[in-house]
Amino acid sequence: MNVNKQSEARKIDDFERMPVPEEHRKGWIHLSLVWLGIAIALSATVLGGTLGGGLTLGQAILATMLGALVLSIVSACCSVVGARTGLSTGLVSKFALGTYGAYVVSAVIAIALFGWFGVQLDLFGTSFQQVIMNVFGLNIPKILLVIIGGILMTSTAVIGYKAIEKLSKAAVPLMGLLLIASLWRVLSTQQWSDIVNAPMTGDPLPLGIAISLVIGSFAVGAVIGPDIARYAKTPKDAVIGSFSGFLVGFSAVLIVAAILAKATGEVDIVAIMLGLGWGTFAMLILILAQWTTNDNNLYSAALGFSVIFKNIPKAKLTIGAGIIGTLMAVFGIYDNFIPFLIFLSALIPPIGGIYVADYLLNKGKYSFANLSNMKMINPIGVTTWMIASLFAFMTTPSPNGFGFFSFTNAPGLDAFIVAFVLQLALVKLFARQETVIETGTRQANSN
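Residues numbered from 1 in each chain as written. Predicted model: local features only at pLDDT ≥ 70, side-chain atom pairs only at ≥ 80, totals over all residues. Heavy atoms only, no water.

Another point: the packing of aromatic side chains. Scanning all chains against the criterion turns up 12 aromatic pairs. Look at F402 and F404: their rings are 5.4 Å apart centre to centre, the planes differ by 15°, and that puts the pair in the stacked class. You can call F402 partly exposed: its relative accessible area is 46%. Given the relative accessible area of 57%, F404 is considered exposed. (Phe/Tyr/Trp six-rings, centres within 6.5 Å; stacked < 30°, edge-to-face > 60°. Buried < 20%, exposed > 50% of the residue type's maximum accessible area, 1.4 Å probe, protein only.)

As structure tokens, then:
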């Protein structure tokens, strides 16, 4: 019995409060599959359909590639820190913001992510309900489907990285086959020139706004890259994994969805897939892809909570977060909670800019052995976080922000850049002042 308990404990041991041991590290292929599983989702196909409906095909492809490139770079920078330290985002933030600062960071990340878990779960239930109605003529209550989806997604998140990786290995090839088959079907019945010149069927989108939509859709996921990259054997593996997930996988889904939208005149991806004749099989694959994305929201939320609640096992924290996220979906989070989640999400990208800049200037500090020696509050990091977050709200359009001006048209990216530059400047400035003070003190003592 004890042997069985130890075996079960090992299965769900996710090293949430310590560096991932070397023997558990993975190469770039494994990491790429996980990132692809996260990036390839039902919500991504919805965004791709929106781009195809509101832009020319050339503009949709350009917006996708530029947005995905930015996400890849941000994710790669953040993931390098995770690969070097083997630590989660919540623990990494301790070095730059202090222990109490990291608690606040972890709480913000956790609450935002299980909130988005509820939003994605609502989309899961709505899509699944539509498929069952169209294929079988059955009207299954969405609430029941949401609860079933919440249980399934929570089950893999409880196990952690191991389950997410295995699920991605199943979902990614199937999603790839579906996209290729869908492209082949539309291209075999229509001329490419007709698809390229197809009119817009949705609300027109300015190119800058389209790029910001692509960046904003996964900005939080890119910044919490250490949660995945801590399993990387080398920083190179982490960087390749990030680019594979965003520049290859995410962009491919968006572009294919945009082409399908142009070819069919539909923006709704569910209607597109059913119209192509794929039926249940295609939608089950899309729903499986949504599963691989959404359980990562819960996984990272539990990692954040594990930094705060040190004596509670991560499995219990994950189950609790899963219950809360599922209840949010059941009670209509999509209609009532989105502005609050957007508010929280604006606070997360600056965290990445802060710890990446701090790591570049203080690489020697970023060791697990030094965690217990960190300040309770790091005033430079906390000040930078406050200023960069305020900047994000100033560039976020109303009613969710102040909308005073625009910078990159992607408030999350605005906050990341401002935090990165400000952290570099302040750390260098105060380090130079400390050097001047020490030099002056030594000269005074010598006199």
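Moving on, we come to a nonpolar patch on the surface. Together, I319, I323, L327 and F331 make up a nonpolar patch on the protein surface, roughly 420 Å² of accessible area in all. Mapped onto the elements, I319 comes out in helix 14 (residues 314-330). Residue classification places I319 among the partly exposed residues on the basis of a relative accessible area of 40%. (Patch = residues over 30% accessible without salt bridge, like charges linked within 9 Å, V, L, I, M, F, W, Y side chains within 5 Å. Areas by Shrake-Rupley, 256 points an atom, 1.4 Å probe, with all protein chains shown as cover. Salt bridge = Lys/Arg side-chain N within 4 Å of Asp/Glu carboxyl O. Helix = DSSP H or I, 4+ residues; strand = E, 2+ residues; numbered from the N terminus.)

We now examine the packing of helix 7 (residues 161-189) against helix 11 (residues 235-264). The geometry of helix 7 relative to helix 11 is characterised by a closest axis approach of 10 Å and an angle of 30° between their N-to-C directions. Considering the angle they form, helix 7 stands roughly parallel to helix 11. Pair helix 7 / helix 11 crosses with left-handed handedness. Every residue of helix 11 that contacts helix 7 at L179, S182, L183 and V186 is listed here: V253, V256, I259, L260 and A263. (Axes fitted to C-alpha atoms, helices over the stretch in contact; angles between N-to-C directions. Parallel < 35°, antiparallel > 145°, perpendicular 65-115°, else oblique. Left-handed = near helix turned anticlockwise from the far one by under 90°. Contact = heavy atoms within 4.5 Å.)

In this structure, N409 is a non-glycine residue whose phi angle is positive, near 70°. Inspection of the secondary structure puts N409 in the loop between helix 18 (379-395) and helix 19 (411-446).

Looking at the chain, the pLDDT average stands at 84 and 91% of residues meet or exceed 70. Across residues 1-10 the pLDDT falls below 50, and counting only partners more than four positions away or on other chains, this stretch makes 1 contact in the model. Considering only residues more than four positions removed or in separate chains, one finds that residues 435-442, a stretch of pLDDT under 50, has 0 contacts. (pLDDT = per-residue confidence, 0-100.)

Quick look at the nonpolar core now. One finds L51, F250 and Y355 to be the most contacted residues of the largest nonpolar core, which totals 127 residues. Counting residues per element, this core draws most heavily on helix 5 (residues 89-136), at 17 residues. Residue contacts for F250: discarding those within four places in its chain leaves A39, A44, L47, L71, V214, S217, F218 and G245. (Core = buried A, V, L, I, M, F, W, Y, C linked by side-chain atoms within 4.5 Å.)

A few words on the pattern of salt bridges. Evaluated as defined, the whole model comprises 5 salt bridges. E165 is the salt-bridge partner of K169, the closest N and O atoms lying 3.5 Å from each other. With K169 and E165 both in helix 7 and 4 residues apart, the pair spans about one turn of that helix. Classification of E165 by relative accessible area gives buried; the value is 5%.

Its location among the elements puts E16 in the loop between helix 1 (2-12) and helix 2 (28-39). Given the relative accessible area of 11%, E16 is considered buried. A polar side-chain atom of E16 sits 3.5 Å from a polar atom in the side chain of R17. In contact with E16, not counting residues within four places along its chain, are S88, L91, R230, L303, S306 and K314. (Polar contact = N/O pair within 3.5 Å; in protein donor to acceptor, adjacent residues only side chain to side chain.)

Bringing the packing of helix 2 against helix 7 into the picture now. Where helix 2 meets helix 7, the axes come as close as 8 Å, and the angle between the chain directions of the two elements is 75°. As far as their axial angle goes, helix 7 and helix 2 are roughly perpendicular. Each of H30, L31, L33, V34, L36 and G37 in helix 2 lies in contact with helix 7, whose residues at this interface are Y161, I164, E165, S168, K169 and V172. Of the residues that constitute the contact of helix 2 with helix 7, the class distribution is 7 nonpolar, 3 polar and 2 charged. (Nonpolar A, V, L, I, M, F, W, Y, C, P; charged D, E, K, R; others polar.)

A separate point is the side chain of S244. Looking at the element boundaries, S244 is found in helix 11. Judged by its relative accessible area of 14%, S244 is buried. The contact partners of S244, leaving out residues within four places of it in the chain, are S32, L36 and G249.

In this section: the state of the cysteines. Chemically, a disulfide is nothing more than a covalent bond linking the sulfur atoms of two cysteines. Using the criterion set out here, one finds 0 disulfides in the structure. Of all cysteine sulfurs, the one in C78 lies closest to C77, which takes part in no disulfide; the gap is 6.7 Å. Note on C77: relative accessible area 32%, which makes it partly exposed. Accessibility expressed as a relative area gives 0% for C78, which makes it buried. (Disulfide = S-S within 2.5 Å.)

A few words now on helix 4 (residues 57-85). The end-to-end C-alpha separation of helix 4 is 42 Å, in line with the 42 Å expected for 29 residues at 1.5 Å each. Once helix 4 ends, the next one or two residues include G86, with phi positive near 75°. (Expected span 1.5 Å × (residues − 1).)

This brings us to the environment of F246. Looking at the element boundaries, F246 is found in helix 11. Look past the residues within four positions of F246 in its chain and what remains in contact with it is W35, A68, L71, S72, S75, F218, A222 and S251.

Position of R17 among the secondary structure elements: in the loop between helix 1 and helix 2. Not counting chain neighbours up to four residues away, the residues in contact with R17 comprise L91, S306, F309, K310, N311, I312, L317 and F368. Looking at R17, its side chain comes within polar contact range of the main-chain oxygen of I312, at 2.6 Å.

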